[in-house]
Amino acid sequence: MLKPQNSPTRELVNVDGLFAFKVDYDRTGAQERWFAAELDTALEIGVPSSFNDLFADQGIRDHVGYLWYQREVRVPRGWAGERIFIRLDSATHYGDVYVNEALVASHQGGYTPFEAEIAGHVAAGKTFRLTIAVNNELTQATIPPGSIEATSDGRRQQKYMHDFYNYAGLHRSVWLYSAPATRVEDITVVTGFEGGTGRVDYTAAVANLSATAAVSVQVLDAAGALVATGDGAEGAVAINDVVLWQPGAGYLYTLAVQVHDGGALVDEYRLPFGVRTIEVSGKQFLINGEPFYFTGFGMHEDHVTVGKAHSNAQMVNDFSLLEWIGANSFRTSHYPYAEEVMEFADRHGIVVIDETPAVGLNGSFAGVFGGAPVSTYGEHFVNGDTAASHRAAITELIARDKNHPSVVIWSIANEPNSSEAGARDYFAPLAQLARDLDPTRPVGYVNVMFDDFEKDTITDLFDVIMLNRYYGWYLQNGDLASAEAVLERELLGWEAKLGKPMIMAEYGADTLPGFHSLYDQPWSEEYQSKFLAMYHRVFDRVEALVGEHVWNFADFATSNGIMRVDGNKKGVFTRDRRPKAAAHELRARWTALNN
Ligand code: GCB
């Protein structure tokens, strides 16, 4: 799905700002047709934001169900005769969009965009009432999955098997845009190179293409100079003296796809892209044929007050900290991040492992989150409905992000149960789906510590091995010598079993900034540093280990629980982005490794 843009034939209006906001406590909003009139509420909400932490009201924060957003929007007067679309970059986890009284779009899945054509419901120069009913429930039919339990006094409580807080709302921008009837609807670009010549295979899907219209493409270099042209909606073009997209040097070309009819330009869409190749070869991960070693983090979209809202200012700050510390990559743990983040990574040469929201498909975690462990695969938990949502999550992620040169691996799940009967039947078709949708990128999932190389039954289905390990934290806590032995044994075990490149996708220790100790005391800044140094010693001894992503970039909000004090503190930066001691040590190691 193409991100909307301004072009000579398209216009784009941002619809963020203050919306009227109403919590649907009694679940009557749809039935009472709240969309049909001005919302009866005194509350306002800023979009984008997570709604949870904005109001000094526990009832709002804990609400499970629908949240209603409403504002008036004016259609630009010049849009008569154009196709008009409303586009939400995300609605977490579900959204119904009403234009005046018409339901124009519904979408499940909290981290991917959706849109609807609304020209039949609005008029150029006139306003309309935009109402969005967002639902934050997680069930067996959603990704991530969850369950809703009733308390003895009748409240509904959301339960789930993942660590980060279930922030919800309109986390990303809302747009209104115009496009011509004959328009470029999708583009797929696949690149390669031989010697100094780049090859760009492209396919454009064009809606309402008439017999007299023709599709052509132009390739422009970073300075805007024309370097290649092609005819037809599908084809291959060559770029002489190609400049490759490289980690640390995100050189981008632009593919301008144009539709002409009778000599006139009918539509134009400009897609930035990079020329680069990705390959797994033996135990190596190759970018442009060169071995690549990942340094960086598992991250979160998480900030004080606004929760999971995208903000360009905070994004710039986070990327600048990544650069400062010598990170060349990150994983979008545990859901697709805002498209602005992906574009920024493209432009700045940061490598991305792009993950679906499939987190918490693991009944063993029930013990950690306050219950008794349960099995995972079956009607009671991860079932056919979960699988259907999971397929949609993979499909929508790849559709959105397939053209980003920064994306080098699709991660289709984080820490699912991979040892139980049922795991292989569940994951084999999903791994295949990702490969079918994108044959050009390696596919992986992230393996949990309980399902080590002796127990795991699915990792051979994937191209890379991604592991989350907490030896020295959840196990061997405070005993780094024992942890070191277990870690090394396991990495060598995986290497011998599968002989594929391995990335440590998470390793880290909760750390209270300002707590110091001379001893190996968990939670101290010294312990975090020694913990990471121990992992690095082991990594440097294992040939197949091709990447290290510390958990986490920054402290982040979690659900309540006895394991967390004001959130997860495994950040190398605090939640307000101040460095802990370990940040300086990582900087020294990664700067040396990457030079
Ligand atoms: C994990 C999860 C991550 C948690 C982390 C932790 O394995 O993938 O979501 O936040 O452990 O700190 O427990």
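Whatever comes next refers back to the structure up there.
Read on for a plain summary of the structure. Quantities reported herein were computed from a predicted structural model and do not represent experimental measurements.

Here the focus is the overall build of the protein chain. When its secondary structure is counted, the protein chain shows eight helices and 30 strands. Taken over C-alpha atoms, the radius of gyration comes to 24 Å for the protein chain, in line with the 25 Å a tight globule of 595 residues would show. For the protein chain, the C-alpha atoms occupy an extent of roughly 75 × 70 × 45 Å along the three principal directions. Here the protein chain, with 595 residues, has 58% of them falling under the buried criterion. Pairs at least 24 residues apart make up 71% of the contacts formed inside the protein chain by residues separated by at least 6 positions. Counting only carbon and sulfur atoms, one obtains 51% of the accessible surface of the protein chain, whose full area is about 22,500 Å².

Let us look at the environment of Gly110. Considering the arrangement of structural elements, one finds Gly110 in the loop between β7 (102–108) and β8 (114–117). On the basis of relative accessible area, Gly110 is assigned to the buried category, the value being 0%. The spatial distance from the C-alpha of Gly110 to the C-alpha of Phe292 is 32 Å, given a sequence separation of 182 residues. Beyond its immediate sequence surroundings of up to four residues, Gly110 is in contact with Ser90, Ala91, Thr92 and His93.

Here the focus is the site of the ligand. Within the structure, the ligand sits among 13 residues, and Asp163, His334, Glu415, Tyr474 and Lys570 are positioned closest to it. Within the side chain of Tyr470, one N or O atom sits 3.3 Å away from an oxygen atom of the ligand. Residue Tyr474 places a side-chain N or O atom 2.4 Å away from an oxygen atom belonging to the ligand. Relative to its unbound accessible area of 320 Å², the ligand is 91% covered by the protein chains. Split into classes, the residues belonging to the shell around the ligand amount to four nonpolar, four polar and five charged.

With that settled, the discussion passes to the packing of helix α2 (residues 312–325) against helix α3 (residues 339–348). The interhelical angle for the contact between α2 and α3, taken along N-to-C directions, is 40°, at an axis separation of 11 Å. In terms of orientation, α2 and α3 fall into the oblique class. Crossing hand, α2 versus α3: right-handed. Residue-level inspection shows Asn312, Met315, Val316 and Phe319 of α2 in contact with α3, the latter providing Glu340, Val341, Phe344 and Ala345.

Let us look at the nonpolar core. Grouped together as the largest cluster of nonpolar side chains are 89 residues, with contacts concentrated most on Phe297, Phe427 and Leu491. The biggest single contributor to this core is helix α7 (residues 525–539), with seven residues. Counting contributing residues, this core receives three or more from each of domain 1 (11–179) and domain 3 (278–594). Judged by nonpolar contacts, the second largest core, of 35 residues, contains Phe51, Tyr69, Val97 and Leu130.

What follows is about the side chain of Thr459. Take Thr459: it is sitting in the loop between β27 (443–447) and β28 (465–468). Given a relative accessible area of 1%, Thr459 falls into the buried group. Here Tyr445 takes part through its side chain, which lies 2.8 Å from a polar atom of the side chain of Thr459. Apart from residues no more than four positions distant in its own chain, Thr459 is found in contact with Tyr445, Asn447, Ile465, Trp494, Leu498 and Lys500.

So, on to the side chain of His107. Topologically, His107 is positioned in strand β7. Assessed through its relative accessible area of 8%, His107 is described here as buried. Within the local environment of His107, its side chain forms a polar contact with the side chain of Glu396, the two groups lying 2.8 Å apart.

Reading the values: rules and limits
- Residues numbered from 1 in each chain as written.
- Predicted model: local features only at pLDDT ≥ 70, side-chain atom pairs only at ≥ 80, totals over all residues.
- Heavy atoms only, no water.
- Helix = DSSP H or I, 4+ residues; strand = E, 2+ residues; numbered from the N terminus.
- Rg over C-alpha atoms; globule rule 2.2 N^0.38 Å.
- Buried < 20%, exposed > 50% of the residue type's maximum accessible area, 1.4 Å probe, protein only.
- Contact = heavy atoms within 4.5 Å.
- Areas by Shrake-Rupley, 256 points an atom, 1.4 Å probe, with all protein chains shown as cover.
- Near = heavy atom within 4 Å.
- Polar contact = N/O pair within 3.5 Å; in protein donor to acceptor, adjacent residues only side chain to side chain.
- Nonpolar A, V, L, I, M, F, W, Y, C, P; charged D, E, K, R; others polar.
- Axes fitted to C-alpha atoms, helices over the stretch in contact; angles between N-to-C directions.
- Parallel < 35°, antiparallel > 145°, perpendicular 65-115°, else oblique.
- Left-handed = near helix turned anticlockwise from the far one by under 90°.
- Core = buried A, V, L, I, M, F, W, Y, C linked by side-chain atoms within 4.5 Å.
- Domains from an automatic or database assignment.

Any functional reading would require information beyond the geometric quantities listed.
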